[in-house]
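Residue strings, one per chain:
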Amino acid sequence: MTTTTAPERATAPLIPPSTHRYADVIHRLEAGGSMLPDTPENLKQIIGIYKAYAVPMDFYWRDLLYIAEKVFLNPLPAFKYFISKEYLDRPNSYAGDQSQLRIWRGTDKAHPELLEFMEKGEAGKMPKLLHHLWHDRVNMEFAEACMQAMLWHQGMGGRFNDYLESDAYKANADRAIKAYFKRNPLMLGLYKLFPEMLLEQVRQMSYYANLGLFWEVMAPVFFEMSDIYDEGGFKGVPDAMDFLVNGIFAVAGRPIYHHVYIGDECFEIIPKSEGFNWLYEAALPYVEAVFYRTSPFRGTKSYNAQAGQVPADQADFHYGILYADVFPVGSAGIPPTLLMQDMLHFLPPYLKEIYKEHRRGEEDELIQLGITFQRSMYNVTSAVIQALRCALLYPLDDTDPKHLQANRAFFEAQMDRFLRPEARLPDVQTQDYR
Amino acid sequence: MTLLFLFLIPLIGACALQVLPPGSTWVRRLALATALAQLGTALLDWRNPPAQLTLSWLPKIGLQLDLGLDGLSLPLVLLGALITAMTVLATPIDQKRSRLFYGLVLATNMGLMGSFLARNALLFMLAYELILIPTTLLVAIWGGERRAGAAIRFLTYNAVSGLALLAAVLGFGWLNPGGFDFSFATLAQHNLSLEEQHWILALVLLAFGIKLPIVPLHGWQPLTYSQAPTPVAMLLSGAVSKLGAYGLLRFGIEFLPDAWSEWSAWIAAVGAVSAIYGALNAIAQLDMRRLVAYSSLGHMGFLVLALAAATPLSLQGVMAQILAHGLIIALLFCLVGLIETKTGTSEIPELSGLLNAQRGLPFTMGLMLLALMAAAGVPGQAGFVAELLVFEGSWVAYPIPTLVCLVSSGFTAVYAVRLFNRVGFGRLDNAKANWASTSWGERAPALVLTALVLVGGIWPTLLTGWSESDTAPLALRSSDAVTVIAAAPQTSTSELSA
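Residues numbered from 1 in each chain as written. Chains lettered and ligands numbered in written order. Predicted model: local features only at pLDDT ≥ 70, side-chain atom pairs only at ≥ 80, totals over all residues.

(A) Examining the overall build of chain B more closely. Tallying secondary structure elements over chain B gives 21 helices and two strands in all. Judged by the C-alpha coordinates and their principal axes, chain B covers about 70 × 55 × 40 Å. Every one of the 498 residues in chain B was classed for burial, and the buried ones make up 60%. At a minimum sequence separation of 6, the contacts of chain B that also span at least 24 residues come to 79%. (Helix = DSSP H or I, 4+ residues; strand = E, 2+ residues; numbered from the N terminus. Buried ≥ 20, exposed ≤ 12 C-beta atoms within 10 Å, placed from the backbone. Contact = placed C-beta atoms within 7 Å.)

This is the structure we're talking about:
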């Protein structure tokens, strides 16, 4: 895939400078830049972490789809993280020779570093069950936490969530439930008594599929960004952001669906024909739920809801990675400690070198890594903001001041979300934040 | 000869240090070797108590090199040697003017050993005075920003202490019909009138009250402890201040039992006031060093209460508290110093989140938790054993001051929890938390002290076993009734229990 370079900022003469607290960031966005300052180290950090993120993500999306499509309603899903060979070998839809729509240059197979880690882990070669029990494996719990954040927040735009309450969905789910438990009278009896119980489980499975399909796109994007950087392709942070923006538009219309395979039969609980697309039904809700909101009761930091420390309105939640206090508690918002541990196994050497040179070196690699992740997610969020601006508003090089003012208002509204003290936007503006 | 060795080895070590080239890594090693050699010798003496050594020095004025060890001095000799070794260990490897620094530490140690080993009041006084010069220099040269003021105040108070002790010792000589015989054996059997004893006891209380210190003679302590470099604060609080307790036990209870009995109610009241004053001030402090300093003042109040009660049990409590407090306070200063070295501050409001596993000082804070628990008298640690003996032993004699001390012991938990909560928990500020973790070398003194505090808690004989047989005869009251037995200070333990 090729990248396009954002136009140079042309707004300065046409509209007055912003007076927003984050005016510098807003001007940078108006110039086609990212919320993250354009420095060589920032570029190195975010690309390095994308690579380290992409490898476990290659497992997350496969296993999420495996759980959504195969494990489905297993009442005792003890082995849901023991992905089948079929799903481990499942070709990526957007990369490789067998892909349905080849957009990225990578292969369709699971990444070799992932396969090696699954075999050896940290402890060395041993049976898969021992790796699992020793927790020497990819932390699927992180992926599930992200899925649960999307399920729990709901109502973040799009039609996907509303569809889960529709009669068509219920009818499809009902068929799948009855087929799945056709030889299990106990579960069927329970289903008769409590029809909402299994239906809610199916809704959760639909979010498994939703997130799996979202990450199926993102994993090869990040791999390709890493490869381009290694080839000397990106010149700055805006290049990396533009690559993401272009990627978002390239796959924006790809379908989000939920198919379940029971025996030899495929049950289309959410058929592709419903027209749910990747950008509005997966990407935007994901960013909103995981980057911004999540929930306050994760990790080791505790909040007192009765003392008003937790907003009454879920839309005001601010416990995502863009606000996460990675530093003091090791985890907040989404449980990034699990992801950090996953990424730690796949860090490129140049990122390890950076960590060695700062703070406590290898001793506090996890914290440094978490903060790098935070930086990189500010860049991804910038890409989403620019993509939304591109889709809903005006080009950055528009010459109509009214249009530029509309763009300004949009960017300022986005920045308003980072006015609360927990936001890490001011922190990532400096390189000292490690 | 081992007694002479205990006394002189720091002098030999201090002189040898001056021969080494400046900045040599061997300076620290030699200082540590000296301190460890002394500690080893003291341990050998514990296993095989040496006979008293008497060498004539200036017989005309009654000064003899009269050295000996008994149950009162042996634990203090061991404590002094141990704290000195820990002081050397806790000193930064890159200590500036290291030869002078370690030389002064060893000179202080020599004064300590001389005081604890002395069996002659004049020799005791000389050794006592010897400590003042090196400790003042240590504070004045290597102290914090307000070191000059701290050193002057320390010097002034302790010079008064020294003068009062000199006057008391000379008073013994002049008033005692035996003439200028300052040996402890003679002083213990003086024929001073009660009025004469009162005068001397007043001087003794002034001298050792400053050294401990107790309220209202504590003016030097918070400033000195907060301005002294960490190793010096450890030495001053862990070993030097114990000289005050030892002096009161030796000069007050052993040599002036009648006057002590008469004044003991007032002394107990002063102890209670010290305890509550120290604890309340500790709660109000915003600086960890000052908090620990006031905490020490409070714990000295317990000691004074137990000395005033002077029952067999309370006197065991005195010895236990001397040892336990010496270890705990040195540990606390060591840990506060470590935190200060790493974070650059000991101000409580500026610190938080140090328990953070990745970027904080979790190991140091873990030890700090144990140290604070020990200071608060939590069971299983040395502080509990000592405080239990103090309170149980003092209750029969002075229930109200004991109750006040018990309340202040509760306050100990308040400032301990407050300190730990504010410094350990909360958000670690990323902008400030740019320090390295502690190395095993830096942790070593704290680890040794923590281990001893824990061992003392589960094996209390470590605290009381040395001195049980020597404190019982000094008791002025029985442990189960308020019976003054001052007239018969040599009463045996079996008679007391009967």
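(B) Summary view of the packing of helix 11 (residues 242-254) of chain B against helix 14 (residues 312-343) of chain B. All names here are of chain B. Helix 14 packs onto helix 11 with a crossing angle of 170 degrees between their chain directions and a minimal axis gap of 10 Å. The angle between the axes of helix 11 and helix 14 places the two elements in the roughly antiparallel class. Here Lys242, Ala245 and Leu249 of helix 11 lie close against helix 14, whose contacting residues are Val318, Ile322 and Gly326. The class makeup of the residues in the contact of helix 11 with helix 14 is four nonpolar, one polar and one charged. (Axes fitted to C-alpha atoms, helices over the stretch in contact; angles between N-to-C directions. Parallel < 35°, antiparallel > 145°, perpendicular 65-115°, else oblique. Nonpolar A, V, L, I, M, F, W, Y, C, P; charged D, E, K, R; others polar.)

(C) Molecular detail of the interface of chain A and chain B. Contacts between chain A and chain B engage eleven residues on the former and eleven residues on the latter. Listed by contribution, the elements that provide at least two residues to the side of chain A that touches chain B are helix 13 (326-329) and helix 16 (365-392) of chain A.

(D) Looking closely at the environment of alanine 16 of chain B. All names here are of chain B. Tracing the backbone through its elements, the reader meets alanine 16 in helix 1 (residues 2-19). Using a count of 18 C-beta atoms within 10 Å as the deciding quantity, one classes alanine 16 as partly exposed. For the pair alanine 16 and glycine 103, spaced 87 residues apart in the sequence, the C-alpha separation amounts to 9.0 Å.

(E) Focus on the pairing of strand 2 (residues 63-67) of chain B. All names here are of chain B. Across five bridges, the pairing between strand 1 (residues 53-58) and strand 2 is antiparallel. Paired with serine 56 across the strands is glutamine 64, a residue of strand 2. In this antiparallel pair of consecutive strands, strand 1 and strand 2, the connection spans four residues, and glycine 62 shows a positive phi of 80 degrees. (Pairing = 2+ DSSP bridges.)

(F) Broad picture of the nonpolar core. All names here are of chain B. Counting residues in each nonpolar core, the largest one holds 184 residues, and the members touching the most others are Val77, Leu305, Leu307, Ile328, Leu331, Leu335 and Ala371. Per element, the largest residue contribution to this core is 20 residues, and it comes from helix 14. Among the domains, domain 1 (1-255) and domain 2 (266-498) are the pair contributing at least three residues each to this core. With near-sequence residues (within four places) excluded, leucine 331 lies in contact with Ala371, Ala446, Leu449, Thr450 and Val453. (Core = buried A, V, L, I, M, F, W, Y, C linked by C-beta atoms within 7 Å. Domains from an automatic or database assignment.)

(G) Seen up close, the domain arrangement of chain B. All names here are of chain B. When its domains are assigned, chain B resolves into domain 1 (1-255) and domain 2 (266-498). For domain 1 versus domain 2, the separation of C-alpha centres amounts to 21 Å. Taken together, the contact pairs 32 residues of domain 1 with 39 residues of domain 2. When residues of the side of domain 1 that touches domain 2 are traced back to their parent elements, those giving at least two are helix 3 (73-90), helix 9 (221-227), helix 10 (230-240) and helix 11. Residues belonging to the side of domain 1 that touches domain 2 are distributed by class as follows: 22 nonpolar, seven polar and three charged.

(H) Seen up close, the confidence of the model for chain B. Residue and element names in this part refer to chain B. Predicted confidence across chain B gives a mean pLDDT of 91, with 95% of residues reaching 70 or more. Across residues 486-498, confidence stays below pLDDT 50; counting only partners more than four residues off in sequence or on other chains, it has 19 contacts. Interface confidence for the predicted complex, expressed as ipTM, amounts to 0.70; the pTM equals 0.82. (pLDDT = per-residue confidence, 0-100.)

(I) Region of interest: the confidence of the model for chain A. All names here are of chain A. Taken as a whole, chain A shows an average pLDDT of 90; of its residues, 93% reach a score of 70 or greater. In the model, residues 1-12 has pLDDT below 50 throughout and makes 28 contacts with residues more than four positions away in sequence or in other chains. Note on residues 329-334: pLDDT is under 50 here. Beyond four places in sequence and across chains, it has 33 contacts.

(J) Local environment of helix 2 (residues 40-71) of chain A. Residue and element names in this part refer to chain A. Compared with the 46 Å implied by 1.5 Å per residue over 32 residues, the 44 Å span of helix 2 between its first and last C-alpha is a close match. Maximal helix bending in helix 2 amounts to about 30 degrees, located at proline 56. Counting buried positions along helix 2 gives 27 out of 32 residues, so the element sits mostly inside the fold. (Expected span 1.5 Å × (residues − 1). Bend = angle between axes of the 7 residues up to and from the residue.)

(K) Here's a closer look at the environment of methionine 86 of chain B. Residues and elements named next belong to chain B. If you trace the backbone, methionine 86 turns up in helix 3. Separated by 23 residues in the primary sequence, methionine 86 and leucine 63 have C-alpha atoms spaced 33 Å apart. Those residues in contact with methionine 86, other than ones at most four positions away along the chain, are Met234, Ala330, Pro445, Val448 and Leu449.

(L) Up close: unusual backbone geometry. Here leucine 212 of chain B and proline 213 of chain B are connected by a cis peptide whose omega angle stands at -5 degrees. Along the chain, proline 213 of chain B turns up in the loop between helix 8 (194-211) and helix 9. The omega torsion of the bond from valine 215 of chain B to proline 216 of chain B falls at 10 degrees, within 30 degrees of zero and hence cis. Following the sequence through the fold, proline 216 of chain B ends up in the loop between helix 8 and helix 9. Unusually for a residue other than glycine, phenylalanine 72 of chain A sits at a positive phi of about 50 degrees. By the secondary structure assignment, phenylalanine 72 of chain A is in the loop between helix 2 and helix 3 (85-88). Not every positive phi belongs to a glycine, and histidine 135 of chain A is a case in point at roughly 60 degrees. Locating histidine 135 of chain A in the fold gives a position in the loop between helix 5 (128-133) and helix 6 (140-153).

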